[in-house]
Amino acid sequence: QVQLVESGGGLVQAGGSLRLSCAASGRTFSSYAMGWFRQAPGKEREFVAAISWSGGSTYYADSVKGRFTISRDNAKNTVYLQMNSLKPEDTAVYYCAATWGLGVVVTTMGFSYEYDYWGQGTQVTVSS
């Protein structure tokens, strides 16, 4: 069982930056692949980024590639999402998610059904 708690959301102007954190419980965090998803009002939840259990592989949605960076610190049981050059269309509730990661190819982890554990989300609002 893994419990996830996101933090770091807020209100930022277009062009600004935010760093989201997702703190995980459990002693086996380093065995989980992690992902970030987001959901804007009236829209489906969409994939943002994923990272392998070791942190050696990452995968991004085209819409955030070059602007967002996913990383993890297994010693701190935390995964991060650094968001730069934010745009109003990045406004959404951001969720982190986890799934057992050993043997997973992270570039296949772009679908929400592939994840077993979810946080409650943190709101990101980008003003124009």
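Please refer to the structure higher up on the page.
Residues numbered from 1 in each chain as written. Predicted model: local features only at pLDDT ≥ 70, side-chain atom pairs only at ≥ 80, totals over all residues. Heavy atoms only, no water.

Draft legend 1. Unusual backbone geometry, seen in detail. Of note in the backbone geometry, asparagine 77 takes a positive phi value of approximately 55° without being a glycine. Within the secondary structure layout, asparagine 77 lies in the loop between strand 7 (68-73) and strand 8 (78-83). Backbone geometry at serine 85 places phi at a positive 50°, although glycine is not the residue there. Within the secondary structure, serine 85 is located in the loop between strand 8 and strand 9 (92-100). (Helix = DSSP H or I, 4+ residues; strand = E, 2+ residues; numbered from the N terminus.)

Draft legend 2. Structural detail: the state of the cysteines. Tallied over the full model, the rule gives one disulfide. The residue that forms a disulfide with cysteine 22 is cysteine 96, at a sulfur-sulfur distance of 1.9 Å. Handedness of the cysteine 22-cysteine 96 disulfide follows from its S-S torsion of about 45°: it is right-handed. Remark: cysteine 96 occurs in strand 9 and cysteine 22 occurs in strand 3 (residues 18-24); sequence separation between them is 74 residues. Note on cysteine 96: relative accessible area 0%, which makes it buried. (Disulfide = S-S within 2.5 Å. Buried < 20%, exposed > 50% of the residue type's maximum accessible area, 1.4 Å probe, protein only.)

Draft legend 3. Region of the structure containing the side chain of serine 31. Among the structural elements, serine 31 can be located in the loop between strand 3 and strand 4 (32-39). The exposure class assigned to serine 31 is buried, which follows from its relative accessible area of 15%. Excluding residues within four positions of it along the chain, serine 31 makes contact with Trp53, Thr99, Trp100, Gly101 and Leu102. (Contact = heavy atoms within 4.5 Å.)

Fair warning: the whole summary comes from geometry, so function is off the table for now.
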